[in-house]
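# Fold and contact review
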Amino acid sequence: MRITSGIYRHRPIKMTNLDTTRETQDKVRLSIFNMLGQYFDGGIALDLFSGSGAMGIEALSRGMQLVYFNDINIKAINIIKENLNSLGIKDVYKVFNYDYKEFYKNNKIKFDYIFLDPPYKLNNIDEILDLSFEYLNDDGLIIFEMAKESVYSDKYLVLKEKYYGIKKVIIFKKGW
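Summary of the structure given here.

### A word on the packing of helix 1 (residues 26-36) against helix 2 (residues 54-61)
Their axes nearest at 11 Å, the elements helix 1 and helix 2 cross at an angle of 50 degrees. Accordingly, the angle class assigned to the pair helix 1 and helix 2 is oblique. In this structure, the crossing between helix 1 and helix 2 has a hand that is right-handed. Facing helix 1, whose interface residues are Arg 29, Ile 32 and Phe 33, helix 2 presents Ala 54, Met 55, Glu 58 and Ala 59.

### Brief notes about the packing of aromatic side chains
This model, assessed by the stated rule, comprises 15 aromatic pairs. Here the aromatic rings of Tyr 156 and Phe 172 are separated by 5.8 Å at their centres, their planes lie at 75 degrees, and the arrangement is edge-to-face. One end of the pair, Tyr 156, is in the loop between strand 5 (136-147) and strand 6 (157-164); the other, Phe 172, is in strand 7 (residues 167-173), and 16 residues separate them in sequence. Note on Phe 172: relative accessible area 0%, which makes it buried. Every member of this aromatic cluster is reached through a ring pair, and the members are Tyr 68, Phe 96, Tyr 98, Phe 103, Tyr 104, Phe 111 and Tyr 135.

### Regarding the environment of Asp 154
Within the secondary structure, Asp 154 sits in the loop between strand 5 and strand 6. On the basis of relative accessible area, Asp 154 is assigned to the exposed category, the value being 75%. The spacing of Asp 154 and Asp 126 is 28 residues in sequence and 9.8 Å in space, taken between C-alpha atoms.

### Here we look at the environment of Gly 43
With respect to the element layout, Gly 43 can be found in the loop between helix 1 and strand 1 (44-47). Here the alpha-carbon distance between Gly 43 and Leu 131, two residues 88 residues apart in the chain, equals 20 Å. Beyond its immediate chain neighbours, meaning those up to four positions away, Gly 43 contacts Met 64, Gln 65, Leu 66 and Asp 112.

Conventions used here
- Residues numbered from 1 in each chain as written.
- Predicted model: local features only at pLDDT ≥ 70, side-chain atom pairs only at ≥ 80, totals over all residues.
- Heavy atoms only, no water.
- Axes fitted to C-alpha atoms, helices over the stretch in contact; angles between N-to-C directions.
- Helix = DSSP H or I, 4+ residues; strand = E, 2+ residues; numbered from the N terminus.
- Parallel < 35°, antiparallel > 145°, perpendicular 65-115°, else oblique.
- Left-handed = near helix turned anticlockwise from the far one by under 90°.
- Contact = heavy atoms within 4.5 Å.
- Phe/Tyr/Trp six-rings, centres within 6.5 Å; stacked < 30°, edge-to-face > 60°.
- Buried < 20%, exposed > 50% of the residue type's maximum accessible area, 1.4 Å probe, protein only.

Written as structure tokens, this is what we have:
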């Protein structure tokens, strides 16, 4: 697995190889960031169900100023730290080892981008979205990877939706 663009372009990162984690393929990450606008001019992002940290590292590579990484699995946390260290990334990230609800409970800031790729078995999309919107800046975006057959409330403003095999990626914005 490699970073697709930015200052760490083509640099390899390790995968978690955990049964509970689905890594976002390079071509899907590339497509997601193309949908967002390829590069960032600063901002703060959250990679909530981080796995290997690929989404957050990609955001840093493309100009995000600070990324918060969170995963409940300590093995994933160790891979995130290893990936950040191998790329020489310093002082532009924070890493947490919480359940997503616990992360938000302990969080005091709002984010410009929130990347969500929870285990499909959770299947509580509305609950995750409701909680995430509380910590999103007014003009921020939520990027949610979910199973293709997943459903969510129509109360959310969908900017873009794209399908990739067994999954879909939806970009949400505050609409209320």
